[in-house]
Amino acid sequence: MRRCLDCGAELTSETCENCGLTPAEAEAVLRRRLLNRTAIYLLGTVAFLPAAHFYPPLELDAMFIFLGVASFVVVGSAVWIDFRARRQASVEALKRVCYGLLPVSWLLASLLFVNGRFDSAPPVVHTTVVVGKFSMPGMLRTSRLVVHSWRPGVRFERVPLSPGELDRFQKGDAVEIRVQDGLIGIPWVSAVQRK
Ligand SMILES: [Zn+2]
């Protein structure tokens, strides 16, 4: 059974009875839509970076991994849809995967922004000791201060810092980490200073 690449309706003749497009036209429409939507998704991942910079969540690394996996699936399925559409093969299942994940990047970026921007509760100050630090060069230029954790069952916290700040700290320093609960419950770091 062949399906229209644009609307997914079953094809009984050379023109889709639902949307009125020929298979070639439907393929062109599908490709343009796919390109636009993937671009909007990728813009969301770009919007995530300033949100994570201004209101860095304590679990930033886990969020990066999640966003990375989601982006891989979105881009991968978009490429696969394009590949199958060239052969006029069915793309409905792949479309559901790809389009279903599209809001993820914008959702995550806006959650982080709202969580930090409208969080008016006072921060909780945790005093701890620096165990190590590291920074990753490249486009993301992320820096982490590794400290003993104050949470039960967690050994270390990898506190996000801007790269310039990292030089202020040495291994063994006592530091104060100001953590905010976040408006929607995502703990984030508002300040790090030496004690
Ligand atoms: Zn159609």
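Structure report, in brief.

Cut-offs and rules
- Residues numbered from 1 in each chain as written.
- Predicted model: local features only at pLDDT ≥ 70, side-chain atom pairs only at ≥ 80, totals over all residues.
- Heavy atoms only, no water.
- Pairing = 2+ DSSP bridges.
- Helix = DSSP H or I, 4+ residues; strand = E, 2+ residues; numbered from the N terminus.
- Axes fitted to C-alpha atoms, helices over the stretch in contact; angles between N-to-C directions.
- Contact = heavy atoms within 4.5 Å.
- Buried < 20%, exposed > 50% of the residue type's maximum accessible area, 1.4 Å probe, protein only.

Digging into the sheet that holds strand S3 (residues 156-161)
Here is step 1: Pairing in this open sheet of 5 strands is antiparallel, and the strands run S3-S2-S1-S4-S5 from one edge to the other. Each of the sheet's edge strands pairs with one partner strand only, and the pair in question is S3 and strand S5 (188-194). Ignoring strand direction, the axes of neighbouring strands in this sheet form an average angle of 45°.
Here is step 2: Relative to the sheet, helix H2 (residues 60-86) contacts strand S2 (142-148) and S3, its axis offset from that of S2 by approximately 135°.

With respect to the pairing of S2
Here is step 1: In terms of burial, S2 is largely enclosed, as 6 of its 7 residues are buried.
Here is step 2: Where strand S1 (residues 124-136) meets S2, 6 bridges bridge the pair, whose relative direction is antiparallel. Its bridge partner lying in S2, Gly-132 is registered against Val-146.
Here is step 3: In this structure, the hairpin formed by S1 and S2 is closed by a connection of 5 residues, where Gly-138 is found at a positive phi of approximately 105°.
Here is step 4: Here S2 pairs with S3 via 6 bridges, running antiparallel. Among the inter-strand pairings, Val-146 is bridged to a residue of S3, identified as Arg-158.

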